[in-house]
Amino acid sequence: MTRHLSAELLAAAKELIALYPNPRSALVPLCHLAQEQDGWLTPDAIEDIAELLDITPAEVLGTASFYDMLHTEEVGRYVIAICTNIACMLRGADDLLAHAEDHLGIRAGATTPDGMFTIEEAECLADCGRAPCVQVNHRFFGNLTPEGFDQLAADLRSGALESEVPPHGTLCRVRRSVGLEAGGH
Amino acid sequence: MAVTEAPRIVTSRLGYEDSHTLERYLATGGYEGLRKALSMSPEAVAAEVDAASLLGRGGAGFPAGRKWAMLRKAPTTYLVVNGDESEPATFKDHMLLERDPHQLVEGVVIAAYALGVSRAFIYVRGEFALGMERVQQALNDAYAHGAVGQDIFGSGFSVDVVVHPGAGAYICGEETALIESLEGKRGFPRIKPPYFPAAIGLYGEPTVVNNVETLSNLPWIILNTGAAFSALGEGRSTGTRLFALAGHVRNPGVHEIEMVKTTFRDLIYAPVLGGGILGGRELKAFIPGGVSAPWFGPEQLDLPLGQDEVGAAGSMLGSGSVVVMDESTCVVRAAWRITKFFWRESCGQCTPCREGSGWLEKILRRIEGGEGREDDIELLMDVCDNISPGVSWPPQQTTICVLGPSIPSSIASAIRMFRDDFLVHVKEGGCPHG
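S.K.: Explain the overall build of chain A to me, please; I cannot follow it from the model alone.
M.R.: Helices and strands together make up the secondary structure of chain A, namely 7 helices and 4 strands. Mapped in sequence order, the helices and strands of chain A form the string α-α-α-α-β-α-α-β-β-β-α. Principal-axis analysis of the C-alpha atoms gives chain A an extent of 55 × 35 × 30 Å. Out of the 185 residues belonging to chain A, those deemed buried represent 55%. Of all intrachain contacts in chain A linking residues separated by at least 6 positions in sequence, the fraction that spans at least 24 positions is 65%. Put simply, chain A shows about 7600 Å² of open surface, and 49% of that area lies on carbon and sulfur atoms. For chain A, the distance from the average position of its 12 positive side-chain charges to the average position of its 28 negative side-chain charges is 5 Å.

S.K.: Hey, could you run me through the pairing of strand 3 (residues 160-165) of chain B in this one?
M.R.: Successive side chains on a regular strand alternate, one facing one side of the sheet and the next facing the other. Residue and element names in this part refer to chain B. Counting buried positions along strand 3 gives 6 out of 6 residues, so the element sits mostly inside the fold. Neither face of strand 3 is left uncovered, since the one carrying Asp160, Val162 and His164 and the one carrying Val161, Val163 and Pro165 both have all their residues buried. Here strand 2 (residues 119-124) runs beside strand 3; their pairing, made up of 6 bridges, is parallel. Bridge assignment links Ile122 to a residue of strand 3, and that residue is Val163. Handedness of the crossover joining strand 2 and strand 3 through helix 7 (residues 129-145): right-handed.

S.K.: Honestly, the sheet that holds strand 4 (residues 207-211) of chain B in this entry has me stumped. Any pointers?
M.R.: Where strands meet in a sheet, backbone hydrogen bonds hold them as pairs that are either parallel or antiparallel. Residues and elements named next belong to chain B. The sheet built from 4 strands is open, its strands ordered 3-2-1-4 with parallel pairing. Where the open sheet ends on each side, the last strands, each with one partner, are strand 3 and strand 4. Each neighbouring strand pair of the sheet contributes to a mean axis angle of 20°, computed without reference to strand direction. Alignment of strand 1 (residues 78-83) against strand 2, held across 5 bridges, turns out to be parallel. Opposite Val81, over in strand 2, you have Ile122 as the bridge partner. Contacts from helix 7 reach strand 2 and strand 3, with the element oriented near 165° to strand 3. Sheet strands in contact with helix 8 (residues 175-182) are strand 1, strand 2, strand 3 and strand 4, and its direction is about 105° off that of strand 2.

S.K.: So what exactly am I meant to see when it comes to helix 4 (residues 57-64) of chain A here?
M.R.: Since there are 3.6 residues in each turn of an α-helix, residues three or four apart along the chain are aligned in direction. All names here are of chain A. For helix 4, the full list of buried residues reads Val60, Thr63 and Ala64. The arc that holds every buried residue of helix 4, seen down its axis, measures 95°, which confines them to one face. Contact partners of the buried residues in helix 4: helix 2 (27-38) and helix 3 (43-53).

S.K.: What exactly am I supposed to notice about helix 2 of chain A here?
M.R.: Its 12 residues give helix 2 of chain A an end-to-end C-alpha distance of 17 Å, which sits within 8% of 16 Å, the value for a rise of 1.5 Å per residue. Helix 2 of chain A sits mainly inside the fold: 9 of its 12 residues count as buried. Those residues of helix 2 of chain A lying buried are Leu27, Val28, Pro29, Leu30, Cys31, His32, Leu33, Ala34 and Gln35 of chain A. Looking at the buried residues of helix 2 of chain A, the elements they touch are helix 1 (7-17), helix 3 and helix 4 of chain A together with strand 3 of chain B.

S.K.: Would you mind going over the interface of chain A and chain B with me for this structure?
M.R.: A common way to report how large an interface is uses the accessible area buried once the components associate. In this complex, chain A contributes 53 residues to the contact, which on the side of chain B involves 72 residues. Counting each side, the surface lost to burial between chain A and chain B is near 5100 Å², with a carbon and sulfur contribution of 57%. Among the ionic pairs, Arg344 of chain B bridges to Glu123 of chain A, the shortest N-O distance being 3.2 Å. In this assembly, chain A and chain B are joined by 36 residue pairs in polar contact (both at pLDDT 80 or more). Mapped by element, the contributors of at least two residues to the side of chain A that touches chain B are helix 2, helix 4, helix 5 (86-89), strand 2 (117-122) and strand 4 (139-141) of chain A. The element best represented in the side of chain A that touches chain B is helix 2 of chain A, accounting for 4 residues.

S.K.: Help me understand the sheet that holds strand 3 (residues 134-136) of chain A, please; the structure alone is not making it clear to me.
M.R.: All names here are of chain A. Pairing is mixed across the open sheet formed by 4 strands, whose spatial order is 2-1-3-4. Looking along the sheet, the strands with just one partner apiece sit at the ends: strand 2 and strand 4. Averaged over neighbouring strand pairs, the angle between their axes works out to 25° when direction is ignored. Sheet contacts for helix 7 (residues 146-158): strand 1 (78-83), strand 2, strand 3 and strand 4; angle to strand 1, the most-contacted strand, approximately 165°.

S.K.: Quick question: what am I supposed to make of the domain arrangement of chain B here?
M.R.: All names here are of chain B. What the domain assignment reports for chain B is domain 1 (22-229), domain 2 (232-326) and domain 3 (331-428). Spacing between the C-alpha centres of domain 1 and domain 3 amounts to 35 Å. Each partner contributes residues to the interface: domain 1 has 12 residues there, and domain 3 has 8 residues. Summing both sides of the interface, domain 1 and domain 3 together bury roughly 820 Å²; the carbon and sulfur share of this comes to 77%. Here domain 1 is connected to domain 3 by 0 salt bridges.

S.K.: What should I look at first to understand the nonpolar core in this one?
M.R.: Where a protein is soluble and globular, its nonpolar side chains tend to be buried together. Leu41 of chain A together with Leu79, Val108, Leu218, Trp295, Leu380 and Phe422 of chain B are the most contacted members of the largest nonpolar core, which totals 168 residues. The biggest single contributor to this core is helix 6 (residues 101-115) of chain B, with 10 residues. The residues touching Phe422 of chain B, leaving out its near neighbours within four places in the chain, are Val332, Leu364, Ile367, Ile377, Leu380, Ala414 and Ile415 of chain B. By size, the runner-up hydrophobic cluster in this structure holds 22 residues, among which are Leu267, Ile268, Phe286 and Phe296 of chain B.

Parameters and conventions
- Residues numbered from 1 in each chain as written.
- Chains lettered and ligands numbered in written order.
- Predicted model: local features only at pLDDT ≥ 70, side-chain atom pairs only at ≥ 80, totals over all residues.
- Heavy atoms only, no water.
- Helix = DSSP H or I, 4+ residues; strand = E, 2+ residues; numbered from the N terminus.
- Buried < 20%, exposed > 50% of the residue type's maximum accessible area, 1.4 Å probe, protein only.
- Contact = heavy atoms within 4.5 Å.
- Areas by Shrake-Rupley, 256 points an atom, 1.4 Å probe, with all protein chains shown as cover.
- Lys, Arg positive; Asp, Glu negative; His and termini not counted.
- Charge placed at Lys NZ, Arg CZ, Asp CG, Glu CD.
- Pairing = 2+ DSSP bridges.
- Right-handed = clockwise from strand over helix to strand, strands pointing away.
- Axes fitted to C-alpha atoms, helices over the stretch in contact; angles between N-to-C directions.
- Arc of directions from axis to C-beta.
- Expected span 1.5 Å × (residues − 1).
- Buried area = accessible area lost by both parts, 1.4 Å probe.
- Salt bridge = Lys/Arg side-chain N within 4 Å of Asp/Glu carboxyl O.
- Polar contact = N/O pair within 3.5 Å; in protein donor to acceptor, adjacent residues only side chain to side chain.
- Domains from an automatic or database assignment.
- Core = buried A, V, L, I, M, F, W, Y, C linked by side-chain atoms within 4.5 Å.

Structural data, given as structure tokens:
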């Protein structure tokens, strides 16, 4: 009996599982769903996912811990991922990261005491035409200067970007509208 | 030479703000390639792709037609789309997913028809939230339009297409790791042989894995014929290709260019392309095909953008990304940052890659940080040699996948081309670039 995931997410989870020949394929999609509810992958959610897929919680955690986007510890409402890989490095990313750390008063990997921001040093996010680039909850902000970063943080804090940047954990806001039609499997 | 008048094959709609919508897609010839394909036999569709000589646009450059021909006809076969674009400085599939998702969906259905597949998965890199939303919306609309699902356009052919989100792991771009990930496991590359998932793929069944850009070419190829595609470019490198240009150039971005007819110099300096080096500075080095590729210097600028041409010169076109480093670049720092990336992204299965990447990262960090020793350069090359004996190109394989043997590329290049820069770091006890 699953206990943690909401009824709406449980229904969505079951629809996802039905898309795959083998239920276990839905493991990562279900972890994203759980993060949509809680902001991170909680132990309770892991229990529910294990039950839905008929595997052990250790198997869920064992897979989830491989992936950077699945957070098994609490993170801020806004996870700011600052790319410092080669293309962004050549365009000033190291200074941008240092500035962000100073501005928010935390080092990469940490969360502000008010739970608002987590900073991550990211690998290439594939937006190098607008380097240095940053993602907030996986929404892109490119060509970012230190001043631009301060404005971004202020806009996130004030709620001005609420419609563009959902709280951390919400990945794809478009749900699949149909089930499987082709049959044959 | 400069830029040819080749047609824009995969970027024709990018001038429109609403290029991602079904409405715009249909108004610009969308799904006409699929209608034509469905009026042909699956074999004839596959023959057109073969005639196009379309090389895979993911990084390995394997001919798509030959990949398809390996697929064993079995009751259960799968098509998997690799949209896990993560090779540093590569950002072309990101653009295609966000800006023309219907073009990809159409390509997927054409491929599924040619292959006789009734289930396809589009694996989208987890970080591409907008791309995922655009592809899911495109799929929802394409189902409603009758272009995906049951009895497509009344042809009797049916295929389901499912979007699958990744969750942040470079290695999942390796096709067997991608399949493991799609099965709900850690993204560990599979031991070879078999070399191709066509033999044993998703759930152990025959599977074809194709890149986003590769499949996005199919609607045009079917509408205009494979011969028209192979008339572009030269030799084995046919058609146009997306090049992602980044680093110290005036106009970084993605450019669609006819293969072989254009050179690196054109790409970097032509006003309509890269526009030259930032601030009018001089070129120091460039990476011709993703960070796994050995570097080139100014003397290679006139090489054509062709797979075999770049291969013969000792590097690769790889994922089609070109990183420009100007004269102000600290190459020690560049090599260190690239190595740090490989260290973070090594899946950890194979000792040479897991341990080697960490040791190389530590040594490069201490050189850059002013703690370097005189014999560190030899030590770096020795560790590289342990990862990939001979540090040759193409590299010797000591690991399950090609991530490990890619690690020495940037280090060996930087040392070979700029040994003095390393020595200065050691002698002066730090980075002269600050």
